[in-house]
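Reading the structure
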Amino acid sequence: MSELVAKRLQVALQAAKEAGDYLIRIKREIAVDKKGARDLVTTADRGSEAIIRQILINEFPEDVFFGEESGGTDAAAFSGLERVWIVDPLDGTTNYVRGFTDYGISIAFYEKGRPLIGVIAAPEKGELFQAVAGQGAFLNGEPIRVSQVSTMIDALVATGFPYEPDERGGNNTDHVANIVPLIHDLRRMGAAALDLASVACGRLDGFWEFGLSAWDVAAGILLVQEAGGMVSGFAGEPVNIFAGRIVATNRLIHQLLLAALARGQTGFVAK
Ligand code: IPD
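First things first, this report covers the structure right here in the doc.

Of the two faces of strand S10 (residues 156–159), the one holding Leu156 and Ala158 and the one holding Val157 and Thr159 are both buried throughout. Across three bridges, the pairing between S10 and strand S12 (residues 206–210) is parallel. The partner of threonine 159 across the bridge, within S12, is tryptophan 208.

In structure tokens form, the structure reads like this:
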């Protein structure tokens, strides 16, 4: 691992831990606001982002920082940038507000458009996931691998529902109707970054969602790939963090899940 990456990994892990401690500490004092009809934001989202930003930019002032609460990013702003952090300071805000423990922090580092570091923390579960390109994926320091499930009938799969129904894909119910009869069971946990981490460590065999943002998936993609899984768009095309559509699996059920998705409204429509 290069010194550049090793140093950034240590600082990203520290930022995730400090933000996680903060999220647990201030849980009872938060104020809740709305970014859209169903999309919540809290003082905790903003506070967590401020902590992470300060730690990262203090150490690496030359890096660019994109966070969900400070404007995020888009493909145009991202392309051509040398070194970029993409951060979701609180993924699963609704769970956090409602007292569920499935929420997390997602921190990704990209160099010239390529993911080099992915860190996802689930503070109330005491879980810290990390991956470095070419170096494998880990949960609390132990190596993780995707599952070995190879049939849809044995597959545990997760999805999510866009807060703003997608103009090309409705609200995902057509896919759910097509896929539920084929699989063992479906989960909707409510934090896309943790869904991707769950595919990486083999708790889930697959995950699909549309209407996601770059900060939801930027770190989780690397985790899944480094754990031996596969990540793509809905038509099997290379994953694009700005496309908002993602299919992540243990690799063994990837084509089966793509085929099932192709039967739904959003099938092969590229964004
Ligand atoms: C949300 C979660 C959820 C997904 C939404 C995301 P947020 O992130 O990841 O699972 O379905 O599309 O926006 O808003 O809680 O950071």
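Let us look at the site of the ligand. Among the 15 residues in the neighbourhood of the ligand, the closest are listed as Asp91, Gly92, Thr93, Ala192 and Glu209. Here an oxygen atom of the ligand and a backbone polar atom of alanine 192 are 2.9 Å apart. When the free accessible area of the ligand is taken as 370 Å², the share hidden by the protein chains comes to 96%. Counting residues per element, the shell around the ligand draws most heavily on strand S4 (residues 83–91), which supplies three residues. Per-class residue counts for the shell around the ligand are five nonpolar, three polar and seven charged.

At a minimum axis distance of 8 Å, the contact between helix H6 (residues 192–200) and helix H7 (residues 214–226) shows a crossing angle of 0°. In this view, H6 runs roughly parallel relative to H7, as classed from their interaxial angle. Residue-level inspection shows Ala192, Ala193, Leu196, Ala197, Val199 and Ala200 of H6 in contact with H7, the latter providing Asp216, Val217, Gly220, Ile221, Leu223 and Val224. Of the residues contributing to the contact of H6 with H7, the split by class is ten nonpolar, one polar and one charged.

Of all hydrophobic cores here, the largest spans 42 residues; its most connected members are Ile86, Ile120, Phe129, Phe207, Leu223, Ile241 and Ile246. No other element matches H7, which puts nine residues into this core. Setting aside anything within four residues of it in sequence, one finds isoleucine 241 in contact with Phe78, Ile86, Tyr110, Ser213, Ala214, Val217, Ala218 and Ile221. Grouped together as the second largest cluster of nonpolar side chains are 32 residues, Leu23, Ile105, Ile107 and Leu116 included.

For the rest of this paragraph, the subject is the sheet that holds strand S3 (residues 64–67). Read across the open sheet, the seven strands follow the order S3-S4-S5-S6-S7-S8-S9; overall the sheet is mixed. Looking at which strands have only one partner, the edges of the open sheet turn out to be S3 and strand S9 (142–143). Strands in contact with helix H1 (residues 3–25) are S4, strand S5 (104–111), strand S6 (114–122) and strand S7 (127–132); relative to S5, the strand with the most contacts, it is inclined by about 160°. The strands that H7 touches are S4, S5, S6, S7 and strand S8 (137–139); relative to S6, the one it contacts most, it runs at about 100°.

Before going further, it helps to examine the sheet that holds S10. Backbone-to-backbone hydrogen bonds pair the strands of a sheet. The strands run either parallel or antiparallel. Reading across the sheet, the five strands line up as S11-S10-S12-S14-S13 and stay open at both edges, with mixed pairing between neighbours. With one partner strand each, in any of the chains shown, strand S11 (185–187) and strand S13 (230–232) form the two edges of the open sheet. On average, adjacent strands in this sheet sit at an angle of 15° to one another, irrespective of strand direction. Relative to strand S14 (residues 245–249), S12 runs antiparallel, the two sharing five bridges. Directly across from tryptophan 208, in S14, lies its bridge partner valine 247. Lying over the sheet, H6 contacts S10, S12 and S14, oriented at roughly 155° with respect to S12.

A full pass over the atoms with the stated rule returns six aromatic pairs. Look at phenylalanine 78 and tyrosine 110: their rings are 5.7 Å apart centre to centre, the planes differ by 70°, and that puts the pair in the edge-to-face class. Note that phenylalanine 78 is positioned in helix H3 (residues 75–78) and tyrosine 110 in strand S5, a separation of 32 residues in sequence. Here phenylalanine 78 matches tyrosine 110 in class, with each residue buried. Pairwise contacts between aromatic rings join Phe60, Trp85 and Phe109 into one cluster. Over the aromatic face of phenylalanine 60 sits the side chain of arginine 8, whose NZ or CZ is 4.2 Å from the ring centroid. The ring of phenylalanine 234 carries the charged tip of arginine 245 above its face, separated from the ring centre by 5.9 Å.

What follows is about the packing of H1 against helix H2 (residues 43–59). Relative orientation of the contacting elements H1 and H2 amounts to 155°, with a least axis distance of 9 Å. Taken together, the axes of H1 and H2 lie roughly antiparallel to each other. At the point where H1 passes H2, the crossing takes the right-handed sense. In this structure, H1 uses Lys7, Val11, Ala12, Gln14, Ala15, Glu18, Ala19, Tyr22 and Leu23 to contact H2, whose residues at the interface are Thr43, Ala44, Gly47, Ser48, Ile51, Ile52, Ile55, Leu56 and Glu59. Here the contact of H1 with H2 is composed, by residue class, of eleven nonpolar, four polar and three charged.

This brings us to H1. Over its 23 residues, H1 extends 33 Å from the first C-alpha to the last, a length consistent with the 33 Å expected when each residue adds 1.5 Å. What H1 keeps buried is the set Val5, Arg8, Leu9, Val11, Ala12, Leu13, Ala15, Ala16, Ala19, Gly20, Tyr22 and Leu23. Tucked into the core, H1 has its buried residues touching H2, S4, helix H4 (93–98), S5, S6 and S7.

Cut-offs and rules
Residues numbered from 1 in each chain as written. Predicted model: local features only at pLDDT ≥ 70, side-chain atom pairs only at ≥ 80, totals over all residues. Heavy atoms only, no water. Buried < 20%, exposed > 50% of the residue type's maximum accessible area, 1.4 Å probe, protein only. Helix = DSSP H or I, 4+ residues; strand = E, 2+ residues; numbered from the N terminus. Pairing = 2+ DSSP bridges. Near = heavy atom within 4 Å. Polar contact = N/O pair within 3.5 Å; in protein donor to acceptor, adjacent residues only side chain to side chain. Areas by Shrake-Rupley, 256 points an atom, 1.4 Å probe, with all protein chains shown as cover. Nonpolar A, V, L, I, M, F, W, Y, C, P; charged D, E, K, R; others polar. Axes fitted to C-alpha atoms, helices over the stretch in contact; angles between N-to-C directions. Parallel < 35°, antiparallel > 145°, perpendicular 65-115°, else oblique. Contact = heavy atoms within 4.5 Å. Core = buried A, V, L, I, M, F, W, Y, C linked by side-chain atoms within 4.5 Å. Phe/Tyr/Trp six-rings, centres within 6.5 Å; stacked < 30°, edge-to-face > 60°. Lys NZ or Arg CZ within 6 Å of the ring centre and 35° of its normal. Left-handed = near helix turned anticlockwise from the far one by under 90°. Expected span 1.5 Å × (residues − 1).

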